[in-house]
Amino acid sequence: MLNHIIDLELLSFSDLQEIIQLAGKIMKNPKKYSEACKGKILATLFYEPSTRTQMSFQTAMLRLGGSVIGFDDPMNSSVAKGESLKDTIKIMSGYADIIAMRHPLEGSAKGASLYSSVPVINAGDGGHLHPTQTLTDVVTLHNEKGRLNHLNIGLCGDLKNGRTVHSLIKTMSHFEGNKFILISTPELGVPKYIKDIMDEQGCEYVEIPTLQEAMPLLDVLYMTRIQRERFASEEEYLAQKGVFVLDAQKLSLGKESLKVLHPLPRVDEIDVEVDDDPRCVYFKQAVYGMYARMALILLTLEGAKYSYAKGKVIIDETGCPNPKCITHTEGYMPKEFRKKGNVLICEYCDFQKEL
Ligand code: CP
């Protein structure tokens, strides 16, 4: 089985530990790993804009002694001529040893993995998941908090469309004693399926409407951007913009040991006046991300066998009702679901439809 990294949820606790440990070893002694991927090629296929994810994947591979190919604007590739995702992936997997792909449609990474002869890493699939950001976040918390359990984790901003939020909750809900404090407007709250995951894990969560109320409770504050590109209209975006802003006054309500993370880019949700507060670690977080991706590339290319067991797959030709699911634009992809109680869960985007 190939080691596609589509959803961090599917990695075991020991897989995650292995990645965190290796990232730490590389950080301590980067020279030792400077030729570890010599002769190997990473393809970065970015159908959506990115600074950190794309550049950190590329620098990760270069620092491991490997090479990088790819595009950061699909309109400069044959996608502009109408090439399907399947065909692009089949071609690229003949050229490269590993693929990191970002795409605006949900479930696109899973879709790509069906047609790739080399490992595919999900570098963000629409508003769905962003597993390597979660690896970045977990490596940051491990290094900055010294533990991954018994943390009060505040998540603030766009919790509906924030794929980094969804991935982080899914992963951190597995660690004992973590509690989530969800700070958002009612319109941008976490989707039901994420609440279901917290419930299933027996994970406590509360919804608090203001940062001021939440601040004193938190060990970690994970700020997020209101994602303009995910709104149906500019009007809806403007109604949400600027509701939550972390400034010096609000930060003063936080614990001394608080750590503030943000996947970045930020717009206006963190005032630049707090950037130099030692509790704000979002720029360090981006550097941890490079080491996390170095560890992931290395382990994946070494053939680490990550276990994948989402459950028995069934085909339902009526398809996924989520209009942002990759199966709509790439109609040849098999309409796969897993059954859970009286719902069918889309194998690509995790959308749940009632039976
Ligand atoms: N955090 C993150 O995904 O940033 P980019 O969009 O710049 O890659």
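Going by the structure above, here's the rest.
We now turn to the structure provided with this report. All values derive from a computational prediction rather than experimental measurement. (Residues numbered from 1 in each chain as written. Predicted model: local features only at pLDDT ≥ 70, side-chain atom pairs only at ≥ 80, totals over all residues. Heavy atoms only, no water.)

Right, let's get into the sheet that holds strand S11 (residues 336–340). Pairing within the open sheet is antiparallel, and its four strands lie in the order S10-S11-S12-S13. What marks the edges here is a single partner per strand, and that holds for strand S10 (314–315) and strand S13 (352–354). (Pairing = 2+ DSSP bridges. Helix = DSSP H or I, 4+ residues; strand = E, 2+ residues; numbered from the N terminus.)

Of the volumes computed, that of the largest pocket is approximately 500 Å³. Around the largest pocket, the lining is made up of 21 residues, and of these Glu106, Pro191, Tyr193, Asn322 and Phe351 lie nearest the centre. For the lining of the largest pocket, a count of residues per class yields six nonpolar, eight polar and seven charged. Taken as a whole, the second largest pocket holds about 400 Å³ of empty space. Considering the residues around the second largest pocket, the lining is formed by 21 residues, among which Arg102, Arg163, Arg225, Leu264 and Pro265 are closest to the centre. (1 Å grid on protein atoms, 1.4 Å probe; cavity = no way out; pocket = protein on both sides within 12 Å on 5 of 7 lines; lining within 4 Å. Points joined across faces, edges and corners; volume = space filled by probe spheres on them. Nonpolar A, V, L, I, M, F, W, Y, C, P; charged D, E, K, R; others polar.)

Glancing now at the packing of aromatic side chains. Within this structure, the stated rule accounts for four aromatic pairs. When the centroid spacing of 5.3 Å and the interplanar angle of 65 degrees are considered together, the rings of tyrosine 282 and phenylalanine 283 count as edge-to-face. Residue classification places tyrosine 282 among the buried positions, given a relative accessible area of 1%. Taking the ring centre of phenylalanine 57 as reference, the NZ or CZ of arginine 293 above it sits at 5.2 Å. (Phe/Tyr/Trp six-rings, centres within 6.5 Å; stacked < 30°, edge-to-face > 60°. Buried < 20%, exposed > 50% of the residue type's maximum accessible area, 1.4 Å probe, protein only. Lys NZ or Arg CZ within 6 Å of the ring centre and 35° of its normal.)

On to the pattern of salt bridges. A complete count under the given rule lists 18 salt bridges for this structure. Where glutamate 234 meets arginine 228, a salt bridge forms, and the shortest distance between an N and an O atom there is 2.6 Å. Between arginine 338 and aspartate 350 there is a salt bridge; the shortest N-O distance is 3.0 Å. Taken together, the positions of arginine 338 in strand S11 and aspartate 350 in the loop between strand S12 (343–346) and S13 put the pair 12 residues apart, joining distant regions of the chain. For the residue pair arginine 338 and aspartate 350, the accessibility class agrees, reading buried in each case. Through salt bridges with shared partners, a single network forms among Asp7, Lys170, Arg338, Glu347 and Asp350. (Salt bridge = Lys/Arg side-chain N within 4 Å of Asp/Glu carboxyl O.)

Glancing now at the site of the ligand. Taken together, Ser50, Thr51, Arg52, Thr53, Arg102, His130, Gln133, Pro263 and Leu264 make up the full set of residues near the ligand. With respect to the ligand, the backbone of proline 263 contributes an N or O atom lying 2.8 Å from a nitrogen atom. Contact with the protein chains hides 92% of the accessible area of the ligand, taken as 260 Å² for the molecule alone. If you map the ligand onto the pockets, it falls in the second largest pocket. The residue makeup of the shell around the ligand, split by class, is two nonpolar, five polar and two charged. (Near = heavy atom within 4 Å. Polar contact = N/O pair within 3.5 Å; in protein donor to acceptor, adjacent residues only side chain to side chain. Areas by Shrake-Rupley, 256 points an atom, 1.4 Å probe, with all protein chains shown as cover. Sits in = over half its atoms within 2 Å of the grid points.)

The buried fraction of strand S5 (residues 152–156) is high, at four of five residues. Direction of pairing for S5 relative to strand S6 (residues 179–183): parallel, over a ladder of five bridges. When the bridges of S6 are listed, cysteine 156 appears paired with isoleucine 183. A crossover connection joins S5 to the parallel S6 through helix H6 (residues 163–172); in handedness this β-α-β unit is right-handed. Pairing of S5 with strand S8 (residues 220–223), which is carried by four bridges, proceeds in the parallel orientation. When the bridges of S8 are listed, isoleucine 153 appears paired with valine 220. (Right-handed = clockwise from strand over helix to strand, strands pointing away.)

For the pair helix H1 (residues 13–28) and helix H11 (residues 282–301), the least separation of the axes is 8 Å and the interaxial angle reads 115 degrees. Considered as vectors, H1 and H11 are oriented roughly perpendicular to each other. Where H1 crosses over H11, the two elements pack in a sense that is right-handed. Along the contact surface, H1 presents Glu18, Ile19, Leu22, Ala23, Ile26 and Met27, while H11 presents Tyr288, Tyr291, Ala292, Met294, Ala295, Leu296, Leu298 and Leu299. Broken down by class, the residue content of the contact of H1 with H11 amounts to 13 nonpolar, no polar and one charged. (Axes fitted to C-alpha atoms, helices over the stretch in contact; angles between N-to-C directions. Parallel < 35°, antiparallel > 145°, perpendicular 65-115°, else oblique. Left-handed = near helix turned anticlockwise from the far one by under 90°. Contact = heavy atoms within 4.5 Å.)

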